[in-house]
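Each chain is listed here by its residues.
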Amino acid sequence: MPWPYPAGAAYAYFRDVAIPAIERGDEWHWTLRLKETPNQIIGAVALHRNETNNRGFWMGAPWRGRGLMSEAVEAATDFWFESLGFQELRTLKASENKGSVRISVKTGMRLLSTHNHPFVLGTLPAEVWTINREQWLDHKALQISR
(Lines give C-alpha, C1' and ligand atoms only; values in the text may rest on other atoms or scores of the structure.)
Protein backbone atom coordinates (compact mmCIF):
# COMPACT_ATOMS: atom_id res chain seq x y z
CA MET A 1 0.00 0.00 0.00
CA PRO A 2 1.37 3.41 -0.81
CA TRP A 3 2.04 5.62 2.19
CA PRO A 4 0.83 8.16 2.55
CA TYR A 5 -2.32 7.29 0.67
CA PRO A 6 -3.01 9.51 -2.31
CA ALA A 7 -5.52 12.23 -1.39
CA GLY A 8 -8.97 10.73 -0.95
CA ALA A 9 -7.89 7.11 -1.52
CA ALA A 10 -8.53 5.85 2.03
CA TYR A 11 -11.93 7.55 2.09
CA ALA A 12 -12.84 6.06 -1.31
CA TYR A 13 -11.76 2.58 -0.21
CA PHE A 14 -13.89 2.63 2.92
CA ARG A 15 -16.85 4.22 1.11
CA ASP A 16 -16.79 2.04 -2.02
CA VAL A 17 -15.37 -1.28 -0.82
CA ALA A 18 -15.28 -1.75 2.94
CA ILE A 19 -18.64 -0.33 4.02
CA PRO A 20 -20.68 -2.22 1.38
CA ALA A 21 -18.89 -5.47 2.37
CA ILE A 22 -19.58 -4.79 6.06
CA GLU A 23 -23.25 -4.16 5.26
CA ARG A 24 -23.42 -7.52 3.42
CA GLY A 25 -21.87 -9.28 6.44
CA ASP A 26 -18.83 -10.36 4.39
CA GLU A 27 -16.13 -8.23 6.05
CA TRP A 28 -15.17 -6.69 9.38
CA HIS A 29 -12.89 -3.62 9.46
CA TRP A 30 -11.11 -1.70 12.20
CA THR A 31 -8.93 1.37 11.96
CA LEU A 32 -5.89 1.83 14.19
CA ARG A 33 -5.46 5.14 15.98
CA LEU A 34 -3.22 6.35 18.77
CA LYS A 35 -4.81 7.52 22.02
CA GLU A 36 -2.94 10.82 21.66
CA THR A 37 -4.32 11.44 18.14
CA PRO A 38 -7.67 9.62 17.92
CA ASN A 39 -8.75 11.41 14.74
CA GLN A 40 -5.72 10.20 12.75
CA ILE A 41 -5.90 6.74 11.15
CA ILE A 42 -2.45 5.13 11.29
CA GLY A 43 -3.42 1.67 10.07
CA ALA A 44 -6.22 -0.79 9.56
CA VAL A 45 -6.99 -4.47 9.91
CA ALA A 46 -9.79 -6.33 8.18
CA LEU A 47 -11.32 -9.80 8.11
CA HIS A 48 -12.88 -11.17 4.94
CA ARG A 49 -15.33 -14.03 4.52
CA ASN A 50 -13.91 -15.81 1.46
CA GLU A 51 -12.06 -19.00 0.58
CA THR A 52 -8.52 -17.78 0.00
CA ASN A 53 -7.69 -14.62 1.98
CA ASN A 54 -9.38 -13.88 5.28
CA ARG A 55 -7.24 -11.17 6.86
CA GLY A 56 -5.44 -8.10 5.64
CA PHE A 57 -3.80 -5.12 7.28
CA TRP A 58 -1.68 -2.07 6.66
CA MET A 59 0.27 0.29 8.88
CA GLY A 60 1.57 3.70 7.98
CA ALA A 61 5.38 3.74 7.74
CA PRO A 62 5.95 6.15 10.66
CA TRP A 63 4.26 3.72 13.10
CA ARG A 64 5.77 0.41 11.98
CA GLY A 65 7.98 -1.63 14.28
CA ARG A 66 6.18 -0.68 17.52
CA GLY A 67 4.13 -3.86 17.91
CA LEU A 68 0.86 -2.03 17.23
CA MET A 69 -0.09 -4.20 14.26
CA SER A 70 0.82 -7.41 16.07
CA GLU A 71 -1.57 -6.41 18.85
CA ALA A 72 -4.34 -5.54 16.37
CA VAL A 73 -3.84 -8.78 14.39
CA GLU A 74 -4.03 -10.85 17.59
CA ALA A 75 -7.35 -9.20 18.50
CA ALA A 76 -8.78 -9.60 14.98
CA THR A 77 -7.71 -13.24 14.77
CA ASP A 78 -9.27 -13.93 18.14
CA PHE A 79 -12.50 -12.29 16.91
CA TRP A 80 -12.40 -14.49 13.77
CA PHE A 81 -12.28 -17.70 15.78
CA GLU A 82 -14.00 -16.84 19.06
CA SER A 83 -16.79 -14.43 18.02
CA LEU A 84 -17.42 -15.39 14.41
CA GLY A 85 -16.79 -19.11 14.89
CA PHE A 86 -14.71 -19.78 11.78
CA GLN A 87 -12.51 -22.89 11.78
CA GLU A 88 -9.61 -21.69 9.58
CA LEU A 89 -7.97 -18.38 8.72
CA ARG A 90 -5.84 -17.87 5.62
CA THR A 91 -3.90 -14.81 4.63
CA LEU A 92 -2.14 -13.89 1.39
CA LYS A 93 0.93 -11.69 1.39
CA ALA A 94 3.77 -10.62 -0.83
CA SER A 95 6.84 -12.68 0.08
CA GLU A 96 8.90 -9.49 0.14
CA ASN A 97 6.72 -8.03 2.90
CA LYS A 98 8.95 -9.26 5.72
CA GLY A 99 7.03 -7.36 8.42
CA SER A 100 3.80 -9.09 7.45
CA VAL A 101 5.53 -12.47 7.31
CA ARG A 102 6.96 -11.87 10.81
CA ILE A 103 3.46 -11.18 12.13
CA SER A 104 2.21 -14.46 10.65
CA VAL A 105 5.03 -16.38 12.30
CA LYS A 106 4.57 -14.51 15.59
CA THR A 107 0.86 -15.34 15.67
CA GLY A 108 1.35 -19.08 15.16
CA MET A 109 0.50 -19.34 11.47
CA ARG A 110 2.23 -21.76 9.10
CA LEU A 111 3.18 -21.34 5.45
CA LEU A 112 0.72 -23.23 3.25
CA SER A 113 1.84 -22.38 -0.29
CA THR A 114 3.76 -20.00 -2.53
CA HIS A 115 2.91 -18.68 -5.99
CA ASN A 116 3.04 -15.51 -8.07
CA HIS A 117 0.16 -13.13 -7.44
CA PRO A 118 -0.95 -9.81 -8.99
CA PHE A 119 -0.66 -6.99 -6.43
CA VAL A 120 -1.20 -3.24 -6.84
CA LEU A 121 2.50 -2.83 -7.65
CA GLY A 122 2.56 -5.76 -10.12
CA THR A 123 2.89 -9.53 -10.03
CA LEU A 124 5.13 -10.67 -7.19
CA PRO A 125 6.04 -13.87 -5.36
CA ALA A 126 3.34 -14.46 -2.76
CA GLU A 127 2.72 -16.69 0.22
CA VAL A 128 -0.45 -18.13 1.72
CA TRP A 129 -0.33 -18.57 5.49
CA THR A 130 -2.89 -20.49 7.55
CA ILE A 131 -3.96 -21.32 11.08
CA ASN A 132 -6.95 -23.31 12.30
CA ARG A 133 -9.02 -22.72 15.42
CA GLU A 134 -7.30 -25.43 17.47
CA GLN A 135 -3.84 -24.12 16.55
CA TRP A 136 -4.96 -20.59 17.45
CA LEU A 137 -6.23 -21.67 20.86
CA ASP A 138 -2.95 -23.53 21.48
CA HIS A 139 -1.00 -20.41 20.44
CA LYS A 140 -3.01 -18.23 22.83
CA ALA A 141 -2.55 -20.68 25.71
CA LEU A 142 1.21 -20.73 25.09
CA GLN A 143 1.32 -16.90 25.09
CA ILE A 144 -0.58 -16.75 28.39
CA SER A 145 1.75 -19.28 30.04
CA ARG A 146 4.86 -17.23 29.18
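Residues numbered from 1 in each chain as written. Predicted model: local features only at pLDDT ≥ 70, side-chain atom pairs only at ≥ 80, totals over all residues. Heavy atoms only, no water.

Enquirer: Explain helix α2 (residues 68-83) here, please?
Expert: Three- or four-residue spacings in an α-helix give side chains the same orientation, since the helix completes a turn every 3.6 residues. An ideal rise of 1.5 Å per residue puts 22 Å on 16 residues; α2 measures up with 22 Å between its terminal C-alpha atoms. Looking only at α2, the buried set comprises Met 69, Ser 70, Ala 72, Val 73, Ala 76, Thr 77, Trp 80 and Phe 81. Along the axis of α2, the buried positions cluster into a sector of 165°, meaning they face one direction only. Of the exposed residues in α2, the ones pointing more than 90 degrees away from its buried face are Glu 71 and Ser 83. Following α2 by one or two positions, Gly 85 has its phi on the positive side, about 80°. (Helix = DSSP H or I, 4+ residues; strand = E, 2+ residues; numbered from the N terminus. Expected span 1.5 Å × (residues − 1). Buried < 20%, exposed > 50% of the residue type's maximum accessible area, 1.4 Å probe, protein only. Arc of directions from axis to C-beta.)

Enquirer: Explain the side chain of Ser 95 here, please?
Expert: With respect to the secondary-structure elements, Ser 95 resides in the loop between β4 (88-94) and α3 (98-106). Within polar-contact distance, the side chain of Ser 95 engages the side chain of Glu 127 at 3.3 Å. Apart from residues lying up to four places away in sequence, Ser 95 is in contact with Val 101, Pro 125, Ala 126 and Glu 127. (Polar contact = N/O pair within 3.5 Å; in protein donor to acceptor, adjacent residues only side chain to side chain. Contact = heavy atoms within 4.5 Å.)

Enquirer: Would you mind showing me how to read the layout of surface pockets here?
Expert: Rolling a probe over the atoms, with the probe sized like a water molecule, indicates the empty space that remains. Its boundaries defined by the atoms lining it, the second largest pocket holds a volume of some 190 Å³. Along the walls of the second largest pocket sit Leu 32, Arg 33, Leu 34, Lys 35, Ile 42, Leu 68, Glu 71, Ala 72 and Ala 75, which together make up its complete lining. Considering each element in turn, the lining of the second largest pocket owes the most residues, 4 residues, to α2. Tallied by class, residues from the lining of the second largest pocket come to 6 nonpolar, no polar and 3 charged. (1 Å grid on protein atoms, 1.4 Å probe; cavity = no way out; pocket = protein on both sides within 12 Å on 5 of 7 lines; lining within 4 Å. Points joined across faces, edges and corners; volume = space filled by probe spheres on them. Nonpolar A, V, L, I, M, F, W, Y, C, P; charged D, E, K, R; others polar.)

Enquirer: What am I meant to see in the packing of aromatic side chains here?
Expert: Working definition: an aromatic ring pair is given by the centre-to-centre distance plus the angle between the planes. Going through the model one piece at a time under the given rule, you end up with 6 aromatic pairs. Ring geometry for Trp 28 versus Phe 86: centroids 6.3 Å apart, planes at 70°, classification edge-to-face. One end of the pair, Trp 28, is in strand β1 (residues 27-32); the other, Phe 86, is in the loop between α2 and β4, with 58 residues separating them in the sequence. By way of ring pairs, the aromatic residues Trp 28, Trp 80 and Phe 86 are connected into one cluster. (Phe/Tyr/Trp six-rings, centres within 6.5 Å; stacked < 30°, edge-to-face > 60°.)

Enquirer: Explanation requested: the pattern of salt bridges in the structure shown.
Expert: Note that side chains of opposite charge can pair when their charged atoms are close. For the structure on display, the rule yields 7 salt bridges. Arg 49 is the salt-bridge partner of Asp 26, the closest N and O atoms lying 3.8 Å from each other. Taken together, the positions of Asp 26 in the loop between α1 (9-24) and β1 and Arg 49 in the loop between β2 (43-48) and β3 (55-59) put the pair 23 residues apart, joining distant regions of the chain. Note on Arg 49: relative accessible area 44%, which makes it partly exposed. A salt bridge links Arg 90 to Glu 88; the nearest nitrogen and oxygen atoms lie 3.1 Å apart. Overall, Arg 90 belongs to the partly exposed group, its relative accessible area being 26%. One salt-bridge network, held together by shared partners, links Asp 78, Glu 82, Arg 133 and Lys 140. (Salt bridge = Lys/Arg side-chain N within 4 Å of Asp/Glu carboxyl O.)

Enquirer: Please explain the sheet that holds β1 as it appears in this structure.
Expert: Within a sheet, neighbouring strands are paired by backbone hydrogen bonds and run either parallel or antiparallel to one another. Spatially, the 3 strands line up as an open sheet ordered β1-β2-β3, and their pairing is antiparallel. Across the chains shown, the open sheet's two edge strands, defined by having one partner strand only, are β1 and β3. Pairs of neighbouring strands in the sheet enclose a mean axial angle of 10°, with direction left out of account. Sheet analysis places β1 next to β2, joined by 6 bridges and oriented antiparallel. Each bridged residue has a counterpart across the sheet, and for Trp 28 the counterpart in β2 is Leu 47. Contacting β1 and β2, α1 crosses the sheet at an angle of about 135° to β1. (Pairing = 2+ DSSP bridges. Axes fitted to C-alpha atoms, helices over the stretch in contact; angles between N-to-C directions.)

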